[in-house]
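What follows is each chain in one-letter form.
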Amino acid sequence: MKHMSLQEITAACRGVYHGDPAAAVREVSDVVIDSRKAGKDSLFIAIKGARVDGHSFIPQVMEKGALCSVSEQDLGDVDYPYIRVSSCEQALKDIAEHYRRSLDIKVVGISGSVGKTSTKEMIASVLAQKYSVLKTEGNYNNEIGLPLTVFNIREGHQIAVLEMGISDFGEMTRLAKIARPDICVFTNIGVAHIESLGSRDGILKAKTEMIDYMNPDGDVILNGDDDKLRGITPQNGISPVFFGLDPSCPFHAEQITSRGLKGTDAHFVTPSSSFDVHISIPGKHMVYNALAGAAVGYALGMNDEEIAEGIRRNVPIAGRNNLIEGEHYTVIDDCYNANPASMMSSLDVLAYADTRKVAVLGDMFELGTKEKEMHYNVGRHAAEKEINVLVCIGNLSAETARGAQELSASVNTDMEIHHYHSKAEFFEHMDDILRERDTILVKASHGMEFPEIVERLTKEK
């Protein structure tokens, strides 16, 4: 990482330095909260987790060669330097905010209810055709993960593409103060986290806190087909740029042709040009992601050929609409997380399959008082898309099964529907339900731990 001394770090987090004054001018090599990742000259921040307290690992990381630790505890008379703070979590954010301000780099901040990760991957793929790009990895999009991602920015990076996830008011403010984005991208305003944010208007308010901390000379890029985002007017002197399928959007798509599970072809129109694209990942939602990528690329001076190539090169990641051709089944691994909109989008993708279509769906969390209704509607959507087999796992997913059963009965289809309370119960019946060459969608909220199902479906028998 770029040069940052212990003296500088102490001031950034408003801590008290303990140790040899001569060591305070030394610079850290990286910042970690996982003791296993600590190495020579690391700064170790002792975070208290749900299961373990990082303070217990301080002696161990110092023996491994760490330069200093950040601690909420008085460590007494120790022979290594440490910085005493009132909150290690706050210190992590304060140090990351200071580090970000020292960097001469463009930052793209991405938020929204659905599709943040797939949009982040698409934008990073586009920008990588011209720039050295760092992107958020895994689920490092919260108040712990975002600072750690920022610390991974090196002097060679030209652009950072940062996913920013929230579940309550004020969180985006804290994230945006760290990220200080030059470009803000919002994918949509759905119902994810409506339990804590109250309404879609509340979700809009919470997510757009990002704009208050962006570069005043930057860009705000919005999904113009989303009714809530469409209503955003110029803020802080910045006029939003819209992307979508509506021809009134400056960035829009025409001549959209599905290639089934092999993706989508389309013709993209920008404010000054138009060009053909191939999107390798199937689904209408991926057209939106690609349009967002085009708008960001355009804002950062890329040409049509570079943008089209970046869109073409974007490929799925594990748990995100990842198509796995197994020995017995084709599996659509989309089990990283779920909400009603993403569930329905994934069912739309499954509907492209030219073999028997099987959806293995689990519970969706944090949906508030209408959670049963939302699960019910997902089941109806599965029946509308003529999915052949629907497997519902979990207590809330009983409503998904009920929705499918009621619509299926009313239109007299032969949809096969199963409900199980647990994965173990499904595994007992799995071989009786599935057939060779089935195309199987696996999707649920992260807490359902559905990667285990993907693993079972893709392993050799």
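Look up a bit, the structure's there.
Remember, predicted model here, so these are calculated numbers, not experimental data. (Residues numbered from 1 in each chain as written. Predicted model: local features only at pLDDT ≥ 70, side-chain atom pairs only at ≥ 80, totals over all residues. Heavy atoms only, no water.)

Novice: Describe helix α15 (residues 423-433), naming the residues involved and giving the relevant values.
Specialist: Of all the positions in α15, only Lys423, Phe426, Phe427, Met430 and Ile433 are classed as buried. Within α15, the buried residues cover an arc of 125 degrees as seen down the axis, which keeps them to one side. Summarising the geometry of α15, the exposed residues directed more than 90 degrees from the buried face are Glu428, Asp431 and Asp432. Tucked into the core, α15 has its buried residues touching β17 (357-362), β18 (389-393), β19 (416-420) and α16 (451-458). (Buried < 20%, exposed > 50% of the residue type's maximum accessible area, 1.4 Å probe, protein only. Helix = DSSP H or I, 4+ residues; strand = E, 2+ residues; numbered from the N terminus. Arc of directions from axis to C-beta. Contact = heavy atoms within 4.5 Å.)

Novice: Any details on the packing of aromatic side chains? Residues and values, ideally.
Specialist: Across all of its chains, the model carries five aromatic pairs by this definition. Between the aromatic rings of Tyr420 and Phe426, the centroid separation amounts to 6.2 Å while the plane-to-plane angle is 45 degrees, which identifies the pairing as tilted. The pair formed by Tyr420 and Phe426 is uniform in burial state, with each residue classed as buried. Here the aromatic residues Tyr420, Phe426 and Phe427 are joined through ring pairs into a cluster of three or more. Sitting over the ring of Phe427, Arg456 keeps its end group 4.1 Å from the ring centre. (Phe/Tyr/Trp six-rings, centres within 6.5 Å; stacked < 30°, edge-to-face > 60°. Lys NZ or Arg CZ within 6 Å of the ring centre and 35° of its normal.)

Novice: I'd like a description of the environment of Asn188, backed by residues and values.
Specialist: Structurally, the position occupied by Asn188 is in the loop between β9 (183-186) and α7 (194-197). Residue classification places Asn188 among the buried positions, given a relative accessible area of 18%. With 86 residues separating them along the chain, Asn188 and Ser274 place their C-alpha atoms 24 Å apart. Ignoring sequence-local partners within four residues, the contact set of Asn188 consists of Gly112, Ser113, Val114, Asn223, Asp226 and Leu229. Looking at Asn188, its side chain comes within polar contact range of the main-chain nitrogen of Val114, at 2.8 Å. (Polar contact = N/O pair within 3.5 Å; in protein donor to acceptor, adjacent residues only side chain to side chain.)

Novice: Tell me what's going on with the pairing of strand β15 (residues 322-325), and back it up with residues and numbers.
Specialist: Relative to strand β16 (residues 330-333), β15 is paired through four bridges, and the arrangement is antiparallel. Within β16, the position partnered with Leu323 by the bridge is Ile332. Where β15 hands over to β16, the hairpin turn is made up of four residues, counted between the paired strands. (Pairing = 2+ DSSP bridges.)

Novice: Which residues make up unusual backbone geometry, and what values do they have?
Specialist: Although it is not a glycine, Glu386 sits at a positive phi angle of roughly 60 degrees. Along the polypeptide, Glu386 turns up in the loop between α13 (371-384) and β18. Phi angles above zero are rare outside glycine, and Glu449 is one such case at about 55 degrees. Tracing the backbone shows Glu449 in the loop between β20 (439-443) and α16. With relative accessibility at 52%, the residue Glu449 sits in the exposed group.

Novice: Outline α16, listing residues and values.
Specialist: Among the residues making up α16, those that are buried are Ile453, Val454 and Leu457. What you see down the axis of α16 is that its buried residues fit within an arc of 100 degrees, all on one side. Residues of α16 that are buried in the fold lie against β15, β16, β17, β18, α15 and β20.

Novice: Give me the sheet that holds β17: which residues, what numbers.
Specialist: As summarised here, the arrangement of the six strands in space is β15-β16-β20-β17-β18-β19, forming an open sheet in which the pairing is mixed. One side of each edge strand has no neighbouring strand; the edge strands of this open sheet are β15 and β19. Recorded for the sheet is a direction-independent mean angle of 15 degrees between the axes of neighbouring strands. Bridge count between β16 and β20: four bridges; the pairing is parallel. Bridge assignment links Ile332 to a residue of β20, and that residue is Leu441. (Axes fitted to C-alpha atoms, helices over the stretch in contact; angles between N-to-C directions.)

Novice: Could you give an account of the nonpolar core, with specific residues and numbers?
Specialist: Counting residues in each nonpolar core, the largest one holds 57 residues, and the members touching the most others are Leu43, Ile45 and Phe151. Here the element with the most residues in this core is helix α3 (residues 88-101); it accounts for six residues. Discounting residues that sit within four places of it in the chain, Leu43 has contacts with Leu6, Ile9, Val28, Asp30, Val31, Val32, Cys68, Ser69, Val70 and Ile95. One finds Ile110, Phe268, Val287 and Ala295 within the second-largest nonpolar core, a separate group that totals 36 residues. (Core = buried A, V, L, I, M, F, W, Y, C linked by side-chain atoms within 4.5 Å.)

Novice: Give me the lowdown on the sheet that holds strand β7 (residues 133-135), citing residues and values where you can.
Specialist: Strand order across the open sheet formed by nine strands is β7-β8-β6-β9-β10-β11-β12-β13-β14, with mixed pairing between neighbours. Each edge of the open sheet carries a strand with a single partner, namely β7 and β14 (274-279). Strand-to-strand twist across the sheet, computed as the mean angle between neighbouring axes with direction ignored, equals 20 degrees. Where strand β13 (residues 264-269) and β14 come together, six bridges link them in antiparallel fashion. Of the residues in β14, the one forming a bridge with Ala266 is Val277. With respect to the sheet, helix α10 (residues 284-299) is in contact with β6 (106-111), β9, β10 (219-223), β11 (241-244), β12 (251-258), β13 and β14, its orientation differing from that of β12 by roughly 140 degrees.

Function cannot be inferred from these measures alone, as they are strictly geometric.
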